[in-house]
Amino acid sequence: MNISKQASLLFHGIEIVQTNYSSKKRYSKDLKVPIDLNITPKVFYPKDNKKAFSIIMEANIYVDKYFELEIAAVGHFELNGEITSEIKLTFINTSAPAIMFPYLRSFISTFTSSVGIASGTLIIPPQFFSGKLETLEEEENFSEEE
């Protein structure tokens, strides 16, 4: 019997690289105003490390006439083998954003609880990610060398 080695995914953490918040007037959950939530994950493959990749997750939370919160976060990942097409479909497009999202979700709750009654504490529902992620090119990446 031949047993093949299974690829493993290492998560090296998340960085919040950008936060923009503006409040126009106090918001309360009791207002029953719709909250627009848009979360867009993208992937970046560094040219100098064929086993590493980053997920750039942008979140925009908007409540018309009340407040807007924009966040960009970068999750750093590494595989124990080379990144193949099959790995891209399973680990990168689905698993990596799912691993990273709870950290972003927690940041949003903590951040909004810290701004007080301007927005109130927001609890973002769990999200499911599927499909092919947009790939960012080198110049679009949130570079550590700025």
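Residues numbered from 1 in each chain as written. Predicted model: local features only at pLDDT ≥ 70, side-chain atom pairs only at ≥ 80, totals over all residues. Heavy atoms only, no water.

1. Thoughts on the packing of aromatic side chains
Okay, step 1: Evaluation of the coordinates by the stated rule reveals nine aromatic pairs.
Okay, step 2: Between Tyr21 and Phe67 the ring centres are 6.1 Å apart and the planes differ by 35°, which places this aromatic pair in the tilted class. Remark: Phe67 occurs in strand S4 (residues 67-79) and Tyr21 occurs in strand S1 (residues 9-23); sequence separation between them is 46 residues.
Okay, step 3: With relative accessibility at 1%, the residue Phe67 sits in the buried group.
Okay, step 4: On the numbers, 5.9 Å between centres and 25° between planes, the contact of Phe107 with Phe111 is stacked. With Phe107 and Phe111 both in helix H1 (residues 85-114), this residue pair falls four residues apart, about one helical turn.
Okay, step 5: Aromatic ring contacts, followed pair by pair, group Tyr21, Tyr27, Tyr66, Phe67, Phe107 and Phe111 into a single cluster. (Phe/Tyr/Trp six-rings, centres within 6.5 Å; stacked < 30°, edge-to-face > 60°. Helix = DSSP H or I, 4+ residues; strand = E, 2+ residues; numbered from the N terminus. Buried < 20%, exposed > 50% of the residue type's maximum accessible area, 1.4 Å probe, protein only.)

2. Looking at the pairing of strand S2 (residues 36-44)
Okay, step 1: Where S2 lies against strand S3 (residues 52-63), nine bridges are found, and the strand directions are antiparallel. By the bridge assignment, Pro41 is partnered in S3 with Met57.
Okay, step 2: In this structure, S2 lies alongside strand S5 (residues 134-136), joined through three bridges in parallel fashion. Bridge pairing in S5 links Lys42 to Glu134. (Pairing = 2+ DSSP bridges.)

3. As for the environment of Pro126
Okay, step 1: Its place among the elements puts Pro126 in the loop between H1 and S5.
Okay, step 2: Under the relative-accessibility criterion, Pro126 is labelled exposed at 54%.
Okay, step 3: Residues Pro126 and Arg105, spaced 21 residues apart in sequence, show a C-alpha to C-alpha distance of 8.3 Å.
Okay, step 4: Among all residues touching Pro126, those that are not within four sequence positions of it are Phe101 and Arg105. (Contact = heavy atoms within 4.5 Å.)

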